[in-house]
Amino acid sequence: MAKKFYIQTYGCQMNQYDSERIAQVMRRSDYVQTDRVDAADLILLNTCSVRDKAEQKVYSALGSWKEFKDYRDGVIIGVGGCVAQQEGENLLRRVPHLDLVFGTHNIHKLAELVEQVENLHTRPVETTFYRDPAYMEESDGRTKVSGVKAFVTIMQGCNKVCSFCIVPHVRGREVSRPSAKVIAEVESLIAQGVKEVMLLGQNVNSYGKLTPGELSFAELLCRVDAIDGIERIRFTTSHPQDLSPQLVEAFATCKNLCEHLHLPVQSGSDEVLVRMRRGYSQQEYLQRIGRLRDRCPEVALSTDIIVGFPGETDAEFEQTLELLRHVEYDEIFSFMYSPRPQTVSAKIYDDDIPDDVKRERLRIVQALQQSISLVKNRRRIGDRDEILVDGSSKLKNGQLMGRTRTNRIVNITAPENLVGQIVPVRITSATANSLLGEVLSGSDSLNPQPEGKVA
Ligand code: SAM
């Protein structure tokens, strides 16, 4: 009987993509995937270390899995991803029932490492970083996707020096996949029925910069846009410093590029931005999104905010609130500052904002954004739009949910066979987090070319 593997994934879209690769590697070694951890011969945890809380979840999951090794012979437990990269050997010391550790560049080695545990009874640790992008490729290409949406990694790592961020330490320096590989992967996904691709990287808009002769990110987007059959393109994450005029232009000209940009600002205070080493001022950030809104007025914006960065005064925090009121983001992701090992801010600043102040600032930021989102969403009532139907609504009320090109969630009452389809809807009501819509019949449907696009 084939051996079974189980994967638990924490963290960002990059980790979700990596877990798909992990599954592919193990399937090639004749393992089959199970969604029952208690039935697995191989239990894998793909981890995130961007904040301390994410790291703590790793130790608690590993602790709870010890019992599986106690009552079944031969169960192997492995940890991959950012905590694996960060901790390496330490993880084996700290978790005696752990069998193997593989870093962010070592997914292609996983089957070999599992074999070492099975046959040699060793506890391997593999966390080598590579500069050659070949480590991001599978010998048999992308073999399996489920659904009509897929992630595609275009680059890994980050050369920025944001003082709070552990990513360059656990994902390495920027390495771009050859554009020919990216395009071939998207073509193969489209041939398998995929309608929407999300191009992934820690800083996608510096794609290709370090590879002589390679396409720029904007050029790559235009090539992907031209692939026959593709319906929607998204990407994440971008650093504001690298939001080039060419990328802004791509939003105006690539007809399948969705009108949504996630552009993490982190703070509205210039002093905090300097301490964060973000490389832009509030004004420069606003100019960049101003240019984007000029060329693509319907673009939706989302951002990341860190509250309680070392030394953040009430006045500096107020500037973040001011920025949120001014920009009117469609969505924000907000976090309390968490000092991370190896980062500059953890080394040179005291984590001096008390937890209760961080918590209160987080509450204030989130409450403000809820009120902004509610007003913006209510403006949509009566609009026609189109959504790609994802599946059951998170409200668990029998409705389906989908996303507009601008990434807004719309819940609809509709038959299951619409899952995976792009359907026209009219917005009938709104909350801060989602919209409610009714499906329009074919004759009410939209023009295929959304307004605001220059052909
Ligand atoms: N490449 C992205 C950027 O533009 O900076 C960062 C991606 S990071 C995985 C996602 C978000 O986590 C960041 O934008 C930031 O808001 C938050 N984050 C990162 N490090 C953090 C830290 N030490 N404490 C709190 N939040 C953090």
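Just above, that's the structure.
The following paragraphs examine the structure supplied in this document. (Residues numbered from 1 in each chain as written. Predicted model: local features only at pLDDT ≥ 70, side-chain atom pairs only at ≥ 80, totals over all residues. Heavy atoms only, no water.)

### Observations regarding the overall build of the protein chain
Spelled out, the test is: Runs of E in the DSSP output that reach at least two residues are strands. Runs of H or I that reach at least four are helices, and both are numbered from the N terminus. By definition, residues are in contact when any of their heavy atoms lie within 4.5 Å. Only four residue types enter the charge count: Lys and Arg as positive, Asp and Glu as negative, with His and the chain ends excluded. Note that the charge is assigned to NZ on lysines, CZ on arginines, CG on aspartates and CD on glutamates.
Scanning the protein chain for helices and strands turns up 14 helices and 19 strands. Projected onto its principal axes, the C-alpha coordinates of the protein chain cover approximately 65 × 55 × 50 Å. In the protein chain, of all internal contacts separated by at least 6 residues, the share reaching a separation of at least 24 is 72%. Distance from the positive charge centre (57 side chains) to the negative charge centre (62 side chains) of the protein chain: 1 Å.

### Comments concerning the side chain of Glu138
For clarity, the cut-off: Two N or O atoms count as a polar contact when they lie within 3.5 Å, although within protein this holds only if one can serve as hydrogen donor and the other as acceptor, and sequence-adjacent residues are included solely when both atoms are side-chain atoms.
Inspection of the secondary structure puts Glu138 in the loop between strand E6 (125-126) and strand E7 (149-153). Of note is the side chain of Glu138, whose polar atom sits 2.7 Å from the side chain of Arg21. Within polar-contact distance, the side chain of Glu138 engages the side chain of Arg28 at 3.0 Å.

### Let's talk about the site of the ligand
Put simply, the test is: When we say a residue is near a molecule or strand, we mean one of its heavy atoms is within 4 Å of it. A 1.4 Å probe and the Shrake-Rupley method give the accessible areas. Residues count as covered only by the protein chains that appear here. By the convention adopted, Pro, Cys, Tyr, Trp, Phe, Met, Ile, Leu, Val and Ala count as nonpolar, Lys, Arg, Asp and Glu as charged, and the other residues, Gly among them, as polar.
Near the ligand you find 16 residues, and of these Arg51, Gln266, Arg278, Asp304 and Ser338 are the closest. In this structure, a nitrogen atom belonging to the ligand sits 2.7 Å away from a main-chain N or O atom of Ser338. Coverage of the ligand by the protein chains reaches 91% of its 570 Å² of free accessible surface. The set of elements that each furnish at least two residues to the shell around the ligand consists of strand E13 (300-307) and strand E14 (331-336). Along the lines of polarity and charge, the residues of the shell around the ligand split into seven nonpolar, five polar and four charged.

### Re the environment of Arg405
Following the sequence through the fold, Arg405 ends up in the loop between strand E16 (400-403) and strand E17 (409-412). For the pair Arg405 and Gly437, spaced 32 residues apart in sequence, the C-alpha separation works out to 15 Å. A distance of 3.1 Å separates the side chain of Arg405 from the backbone oxygen of Leu257, its partner in a polar contact.

### Side note on the packing of helix H11 (residues 282-295) against helix H12 (residues 314-327)
Stated formally: Angular values range over 0 to 180 degrees, each being the angle between N-to-C directions of two axes fitted as lines to C-alpha atoms, with helices fitted over their stretch in contact. When an angle is under 35 degrees it counts as roughly parallel; over 145 it counts as roughly antiparallel; between 65 and 115 it counts as roughly perpendicular; any other value is oblique.
For the pair H11 and H12, the least separation of the axes is 12 Å and the interaxial angle reads 10°. The orientation of H11 relative to H12 falls into the category roughly parallel. Contacts between H11 and H12 involve Gln282, Leu286, Ile289 and Arg293 on the former and, on the latter, Gln319, Leu323, His326 and Val327. Its residues placed into classes, the contact of H11 with H12 shows four nonpolar, three polar and one charged.

### Considerations on the sheet that holds E7
Pairing between the strands of a sheet is mediated by backbone hydrogen bonds and can be parallel or antiparallel. To be explicit about the condition: A pair of strands counts as paired when DSSP detects no fewer than two bridges linking them.
The strand order across the open sheet built from three strands is E7-E10-E11, with neighbouring strands paired in parallel fashion. The sheet is open, and its two borders are formed by E7 and strand E11 (232-236), each paired with just one other strand. Between one strand axis and the next, the sheet turns by 25° as a mean value, whatever way the strands run. Here five bridges tie strand E10 (residues 196-200) to E11, and the two strands are oriented parallel to one another. Each residue of the ladder has a partner; that of Leu200, found in E11, is Thr236.

### A closer look at the pairing of E7
The condition that has to hold: The rule is simple: take the accessible area with a 1.4 Å probe, protein chains only, and divide by the maximum for that residue type; under 20% is buried, over 50% is exposed, in between is partly exposed.
Counting buried positions along E7 gives four out of five residues, so the element sits mostly inside the fold. For E7 and E10, the ladder comprises five bridges, and the chain directions are parallel. Bridge assignment links Phe151 to a residue of E10, and that residue is Met198.

### A few points about the side chain of Ser269
Topologically, Ser269 is positioned in the loop between strand E12 (260-262) and helix H10 (270-276). Using a relative accessible area of 0% as the deciding quantity, one classes Ser269 as buried. One polar contact links the side chain of Ser269 to the main-chain amide nitrogen of Glu271, over a distance of 3.3 Å. Of the polar contacts made by the side chain of Ser269, one reaches the backbone nitrogen of Val272; its length is 3.1 Å. Discounting chain neighbours no more than four positions away, the residues touching Ser269 are Glu316, Gln319 and Thr320.

Geometric descriptors of this kind do not, in isolation, establish any biological role.
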